Amino acid sequence: MSSGNKTTNLLYESHKTGACFQTAGSDIHEAPSVRFGRTIRQYLRREIVGYPASALGVLAVAFILGPSYPNVRVLTAANSLLVVVLLVALAWGMRPAFLASFLAAAYLNYYYVPPIGRFDFHIDGAEDVVGLATFMVTSIAVGQLSLRMRRRAEENRKLYDQLRATFEQTSQIEAIKRSERLKSALLDTVTHDLRTPLTSIKAAATAIIDIRETRLASPENARAAEDNLLGIVVQQSDRLNHFIEGMIELATIEAGEGKRTAEVTAMDEAIGAALARAGDVLRGHKVIVECQDDFMAAVNAKAVTQVLFSLLENAGKYSPPGTTIRVIAESNGENDIQIAVEDEGAGIPPAIREAIFDKFFRGDAAKECDAQISGLGLGLAIARGIVAGQGGQLWVEGRKRGENGARFVFALPLQGRDGLRPTGAEVPSK
Amino acid sequence: MISGTKILVVDDEPQITEVLRTSFAAHGYEVQVADDGKIALEIFWRWRPDLVITDLSMPNMGGLALCQEVRSASDIPIIVLSVRDQEATKVQILESGADDYVTKPFGMDELLARVRSALRRTSTMPLPSEVVELGDFLLDAAAHRVKIKGAQVHLTPKEFDLLSYLLRHAGRVLTHKMLLAAVWGRSFADEPDTVRVLVRQLRRKIEPDPAIPTYLQTEPSIGYRFEPGK
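Treat the numbers as computed from the prediction; the structure is a model and nothing was measured. (Residues numbered from 1 in each chain as written. Chains lettered and ligands numbered in written order. Predicted model: local features only at pLDDT ≥ 70, side-chain atom pairs only at ≥ 80, totals over all residues. Heavy atoms only, no water.)

Peer 1: Just give me the short version of the overall build of chain B, but keep the residues and values in it.
Peer 2: Helix and strand counts for chain B stand at eight helices and 12 strands. Here chain B, with 230 residues, has 51% of them falling under the buried criterion. Expressed as a percentage of contacts within chain B between residues at least 6 apart in sequence, the contacts between residues at least 24 apart total 59%. Element-wise, carbon and sulfur atoms account for 52% of the exposed surface of chain B, whose accessible area totals about 10300 Å². (Helix = DSSP H or I, 4+ residues; strand = E, 2+ residues; numbered from the N terminus. Buried < 20%, exposed > 50% of the residue type's maximum accessible area, 1.4 Å probe, protein only. Contact = heavy atoms within 4.5 Å. Areas by Shrake-Rupley, 256 points an atom, 1.4 Å probe, with all protein chains shown as cover.)

Pasting the structure below:
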């Protein structure tokens, strides 16, 4: 139902500019927990933390090796301390690693360099020099490496941030642009659809006044002209009302979205009602209905009729007189019913198969295709809104290979949980 | 004079052409309608109307193209039906030869008045004579003299040229560019300010109240229209 929702939502988004970029940008924002984790990591990575960590590391070695001191060989102790220095250098860089180095050297000095059991601060023994040097070299080498790594990571992060900011900006601009475009297209459509009948009404009404005031024509002629003009006023008022009702319907669908009502419906009756309503437009066409007599389904009958009416009206308008229009109702798997309207018109080119459902892109569509198709009005947008409101889908496709024309299909899920299934039609096991 | 005058109405909205057809017919005009520029042009060549009323946006051939085609073959008045947001097109269409425009939605009385005024203009097309007498105005080109309701008014040469052009095109909507070309002989530059300054000067001399001009009226964002009075 996503695409259907989009269609109707667009109307609202275009009113409240800016509502849409939150959605556009939301998936690139991080979750708060991720950000919190990163803050903690950054805090722990600070150099100042490295010094106590060095002391703790050496103390840990002392704590582990200390109790069995005389049995631990100098090599084991030195290697353990080297690991501590290495880890400190890796995590906090060179300077905290120096501290670790000195502490490690002091530890070795205390336990392994005679006089055992006390510090001898004269660094003159080979063990002292080699030990300290090893620790220092490790500190410098690893410290430098990790610094470089961290710098690169930092750079990458900055680049990534920049990229993300740019991306967000672009999508915001895109959203604003789209919303602006929608707004102006909406305004165009609304003003055109309101102004055209209004122009006729005003012209006709003022013409009647003019005829009465000037008394130019003969009384019979004046009477005939007045009747003609009044007829236009009535007819155009209806057209205005029809348009306004369409807008209200669209708004109602949007507001009541998700509220689905359903009753067990005889599909042939729903189809019959739609055919009766579209009678005028279908007069020149041959209509074939393929629906089993006892096909019952738990759907919103009003919705089915309304949508079907829109599709039939379009099929009648946009396919040549004398051609056949086919209505096919069937169940589609266990949970859906599917109703298709096929015509033998020119068909809808794949490039605009989505656009035609979006009334507000009519202007663009009109540039791409012939004038007839650009005449598609609110009908399809409303139809898609209704279908989406019932949790279904409405789309258009080409007909079978080798056949001309368009095939509009809508699928509706069956409502209710227990036992509301199509009773008549066999559920095909696909 | 009216009866037998042929009007061609062009609009792609059938109910609008129907209203116009009914109303003009009631006034004794002969009317034919077309729903796009192509058909209109066919009727134009076959039927030779005295006046064309056309919508701007139509399929196949729009009002602008129709206007250019008709103008290249004939001097008959053309009145354009437009909507308010087609300002740019309006200027273009006036410069390509239309005489006037009426904004939708319009009152029939207004359109009828414009039609009458446009037809009057063609039937009494002022010859490029030395003396023009129209409404409250009397202009003598040779003597370089202007009288309004009999009272003499002194004008600078540029003001005189402007008034002379306005009088010869009374009732028509004239764009800034058209006035610029007529008075300064320049058609290349778009300098509405130049025109505006001169119009203000002229208004001070010819209008009873320059703040509420009755003769030299402003057509917002298009140009001016000159009504010489009864």
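Peer 1: Any chance you could break down the packing of helix 4 (residues 47-65) of chain A against helix 6 (residues 94-112) of chain A for me, citing the residues and the numbers?
Peer 2: Residue and element names in this part refer to chain A. At their nearest, the axes of helix 4 and helix 6 sit 8 Å apart, and the two run at 25 degrees to each other. The angle between the axes of helix 4 and helix 6 places the two elements in the roughly parallel class. Helix 4 and helix 6 meet at a crossing whose hand is right-handed. Every residue of helix 6 that contacts helix 4 at Glu47, Gly50, Tyr51, Ser54, Ala55, Val58, Val61, Ala62 and Leu65 is listed here: Arg95, Pro96, Leu99, Ala100, Leu103, Ala104 and Tyr107. The residue makeup of the contact of helix 4 with helix 6, split by class, is 12 nonpolar, two polar and two charged. (Axes fitted to C-alpha atoms, helices over the stretch in contact; angles between N-to-C directions. Parallel < 35°, antiparallel > 145°, perpendicular 65-115°, else oblique. Left-handed = near helix turned anticlockwise from the far one by under 90°. Nonpolar A, V, L, I, M, F, W, Y, C, P; charged D, E, K, R; others polar.)

Peer 1: Outline the side chain of Thr323 of chain A, supporting the account with residue identities and numerical values.
Peer 2: Residues and elements named next belong to chain A. Considering the arrangement of structural elements, one finds Thr323 in the loop between helix 11 (301-318) and strand 4 (324-332). Exposure remark for Thr323: the relative accessible area of 14% places this residue in the buried category. Only 2.6 Å separates the side chain of Thr323 from the backbone oxygen of Pro320, close enough to count as a polar contact. Discounting residues that sit within four places of it in the chain, Thr323 has contacts with His285, Lys286 and Glu344. (Polar contact = N/O pair within 3.5 Å; in protein donor to acceptor, adjacent residues only side chain to side chain.)

Peer 1: Could you give me a rundown of the interface of chain A and chain B, with the residues and numbers involved?
Peer 2: Across the boundary between the two partners, chain A contributes 23 residues, which contact 21 residues of chain B. Both sides together, the interface formed by chain A and chain B hides about 1800 Å², and carbon and sulfur atoms give 66% of it. If you sort the residues of chain A by the area they bury against chain B, Arg195, Thr199 and Asp210 of chain A come out on top, with a joint share of 28%. At the junction of chain A with chain B, the criterion picks out one salt bridge. Between Glu13 of chain B and Arg239 of chain A there is a salt bridge, with the nearest N and O atoms lying 3.6 Å from each other. Across the contact surface, chain A and chain B share four residue pairs in polar contact (both at pLDDT 80 or more). Going through the elements one at a time, helix 7 (126-214) and helix 8 (219-255) of chain A are the ones with two or more residues in the side of chain A that touches chain B. (Buried area = accessible area lost by both parts, 1.4 Å probe. Salt bridge = Lys/Arg side-chain N within 4 Å of Asp/Glu carboxyl O.)

Peer 1: Summarise the sheet that holds strand 8 (residues 145-148) of chain B; cite the residues concerned and give the values.
Peer 2: Residue and element names in this part refer to chain B. Pairing in this open sheet of four strands is antiparallel, and the strands run 6-7-8-9 from one edge to the other. If you trace the sheet from one side to the other, it starts and ends with strand 6 (131-134) and strand 9 (151-153), each paired once. Taking each pair of neighbouring strands and ignoring which way they run, the sheet shows an average axis angle of 20 degrees. As paired strands, strand 6 and strand 7 (residues 137-140) are joined by four bridges and run antiparallel to one another. By the bridge assignment, Val132 is partnered in strand 7 with Leu139. Against the sheet, helix 6 (residues 157-168) engages strand 6, strand 7 and strand 8, with an angle of about 120 degrees to strand 7. (Pairing = 2+ DSSP bridges.)

Peer 1: Can you explain helix 4 of chain A? Please cite residues and give values.
Peer 2: Residue and element names in this part refer to chain A. Here helix 4 is 19 residues long and its end C-alpha atoms lie 27 Å apart, about the 27 Å a rise of 1.5 Å per residue gives. For helix 4, the full list of buried residues reads Gly50, Ala53, Ser54, Gly57, Val58, Val61, Ala62 and Leu65. Lining the buried residues of helix 4 we find helix 5 (74-92) and helix 6. (Expected span 1.5 Å × (residues − 1).)

Peer 1: How would you explain the packing of aromatic side chains if you had to name every residue and give the values?
Peer 2: This model, assessed by the stated rule, comprises five aromatic pairs over all chains. On the numbers, 6.1 Å between centres and 75 degrees between planes, the contact of Phe357 of chain A with Phe408 of chain A is edge-to-face. Placement of Phe357 of chain A in the loop between strand 5 (336-342) and helix 12 (362-368) and of Phe408 of chain A in strand 7 (residues 406-413) is noted, with a sequence separation of 51 residues between them. In this structure Phe357 of chain A comes out as buried when scored by relative accessible area, which is 1%. On the numbers, 5.2 Å between centres and 65 degrees between planes, the contact of Phe137 of chain B with Phe226 of chain B is edge-to-face. Note that Phe137 of chain B is positioned in strand 7 and Phe226 of chain B in strand 12 (residues 223-226), a separation of 89 residues in sequence. Taking the relative accessible area as the measure of exposure, Phe137 of chain B reaches 1% and is therefore buried. Taken together, Phe137, Tyr215 and Phe226 of chain B form an aromatic cluster joined through their ring pairs. One cation-aromatic arrangement involves Arg384 of chain A over Phe357 of chain A; the distance from NZ or CZ to the ring centre is 4.0 Å. (Phe/Tyr/Trp six-rings, centres within 6.5 Å; stacked < 30°, edge-to-face > 60°. Lys NZ or Arg CZ within 6 Å of the ring centre and 35° of its normal.)

Take it as geometry only, folks, not as evidence of what the structure does.
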